[in-house]
Structure formats: C-alpha cells, structure tokens
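Structural overview
Here is how the chains run, residue by residue.
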Amino acid sequence: MKISAKTKTCLIIGDPVEHSLSPAMHNAGYLALGIDDQFVFLGAKVRVEDVGAAVQSMRKMGIHGLTCTIPHKVEVMKYLDEIDETARKIGAVNTVLNKNGKLIGFNTDWLGVVIPLEKITTLLDKKVLVLGAGGAARAVVFGLLKRGSKVSIFNRTKQKAIDLAKEFNCQEIDLNVESEISNFDIIINTTSVGMKPLENETPISTEFIHGRQIVFDTVYVPFETRFLKEAKKRGAKIINGIEMLLYQGTAQFEIYTGQKAPEEAMKRVLYEKN
C-alpha cells in the first residue's frame, strides 16, 4: 500500500474487534481500484463507554470514515451531527462519514442481509424468524419488512423483543413451543451466540429445523458456526455471515470513497481469510 500523510483513514470500532475482516476487505478494495494511496482502513477496540471519546477523536483527527460493530451501533448515534433517513428508521448506525467536519450516520447492514437472501429467494410474504433485538436485528427487521416479509422476533431478554416488535409493527415470539421453529421459511441469527467465547452454543434449538428452510447467521468468525453446521445437517440452505459482511461492506465502501466497490476483489479476500 502507498500510504502517505495525505491518505484518508477509515476505522472500525467495536468490542471485540480483533476478529474483524473489515480492514482486509476494504483495503483489498482500495488496492483493486488503485486508490490505496488515498484510503487506508484500520481497526480499534473501543469500550462502549468510550464511544463518545472515539467520535470526538474522529472530529479532532479528521478520520474520514468510522465503521461501528457490536455493541456500538446504537450508542454512536447520540454523538453525530446528522443521521440519514434509513438509519434513523432502523435506529442504528454502522457507518459514519466525516464530510468536511460534519459527521453523518448511515446504515448498510440491512443490505447485507437482503441482498444474499434475494439471490436465492423472494422475500415477499416469507415468514422470517429474527433472533436477537440489538442494532443488527434492527437493520435486519427493517430490510425484511421493506421487502414484504412477515417477521417474528425472538430474544432471550423478552422485553427487548417486545419493544422492538412494537416499534416495527411486527410480532414478538417466545418460542415456548420450540416446534414453532419449523413453521418459518427463514431463520436469521443476529446475536453474538456462535462467536467466541460462545462458539459451541446455538441461539435456539436446531431440532425442528428442516430442509425447506434457509438459515442465515450474521456471525462470520467462525466461518461456519455451530448453528449453521447443525442446520446444514438437517438439510437447510445456509448463508454464512461473510455474505452480510460483504454486502454491507460494498455499500459502505461506496459511501467512503464515492466509487463503485470492486465486489469480487473484496469477496475474494474474505473467503481467503477463512
């Protein structure tokens, strides 16, 4: 890479963040377009109580782009100057652009789920179970409803699921009868269950998953979570979190650079890392 003092810095913050493949993906994109002298993408572990300080540092240091991952997607919003309409409706931000000192929040996560799913099925009238009620879940629910899906939300902290379902005018489900799982066309995990130190757990029982379902896990480290492995054994079509990372990332890349993302180059490095 041809980094100089003129190179614009983009940064992913999260806790944890060491597992993130966003730097590799974005830097591969810069290299493919020959703009690796203009942009560099790095990562930093930031505790949730320090998000405000991180955003202030973005202002002071002129950091060009700030990518937010778990658990910062909601917290970061209170420190921004402007939030675009989609991110405001979702209620979470994963992308912050520093536009001449004005910090603008966006959300591209919903595209990271909708695009891979629409490559293999229509989402109109599909019954979808969303696991989780955090920032990622908000984006997933928004995208599914935008495409006409019938969404139910399950979360281990029930009140969070109730609140999210009420906000988006969809259904909360408690899964007391786990056989209800078999009634859904698509199941999407947006929780951190499956990521270290929970890599040996699944967010719900896989006993009632079957071959007519699609199971999507937004966790991408490990590449194939236990949830996906169990679902595949039961014949379900699986989509791993790399696909979400890729398509939220290509949209993010275009916000940061103003250029069409080199999808194949970015995809290639993600799969090479796994």
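Below is a summary of the structure that appears in this document. (Residues numbered from 1 in each chain as written. Predicted model: local features only at pLDDT ≥ 70, side-chain atom pairs only at ≥ 80, totals over all residues. Heavy atoms only, no water.)

Here the amide bond leading from Asp 15 into Pro 16 is cis, since omega sits at 10°, within 30 degrees of zero. Put simply, Val 221 and Pro 222 share a cis peptide bond, and its omega is 10°. With respect to the helices and strands, Pro 222 occurs in the loop between strand E11 (214-217) and helix H7 (226-233). You will see that Asn 169, though not glycine, has its phi angle at about 55°, which is positive. For Asn 169, the location among the structural elements is in the loop between helix H6 (158-168) and strand E9 (171-172). (Helix = DSSP H or I, 4+ residues; strand = E, 2+ residues; numbered from the N terminus.)

So, about the sheet that holds strand E8 (residues 150-154). On the basis of which strands lie adjacent, the open sheet formed by 6 strands has the order E9-E8-E7-E10-E11-E12 and parallel pairing. Among the strands making up the open sheet, the edge pair consists of E9 and strand E12 (237-239). Two elements, strand E7 (residues 127-131) and E8, share 5 bridges in a ladder whose sense is parallel. If you follow Val 128 over to E8, its bridge partner there is Val 151. Of the strands in this sheet, E7, strand E10 (186-189), E11 and E12 touch H7, which is tilted by about 165° from E11. (Pairing = 2+ DSSP bridges. Contact = heavy atoms within 4.5 Å. Axes fitted to C-alpha atoms, helices over the stretch in contact; angles between N-to-C directions.)

Under the definition given, this model contains 14 salt bridges. Between Asp 15 and Lys 45 there is a salt bridge, with the nearest N and O atoms lying 3.8 Å from each other. Separated by 30 residues along the polypeptide, Asp 15 in the loop between strand E1 (8-14) and helix H1 (22-33) and Lys 45 in strand E2 (residues 39-45) bring together distant segments of the chain. Of the residues examined, Asp 15 reaches a relative accessible area of 29% and is grouped as partly exposed. (Salt bridge = Lys/Arg side-chain N within 4 Å of Asp/Glu carboxyl O. Buried < 20%, exposed > 50% of the residue type's maximum accessible area, 1.4 Å probe, protein only.)

Turning our eyes to something else, we now look at the sheet that holds E2. The 6 strands lie next to each other as E2-E1-E3-E5-E6-E4, forming an open sheet whose pairing is mixed. Two strands bound the open sheet, and with one partner strand each, they are E2 and strand E4 (82-83). The sheet strands contacting H1 are E1 and E2, and the helix crosses E2 at an angle near 175°.

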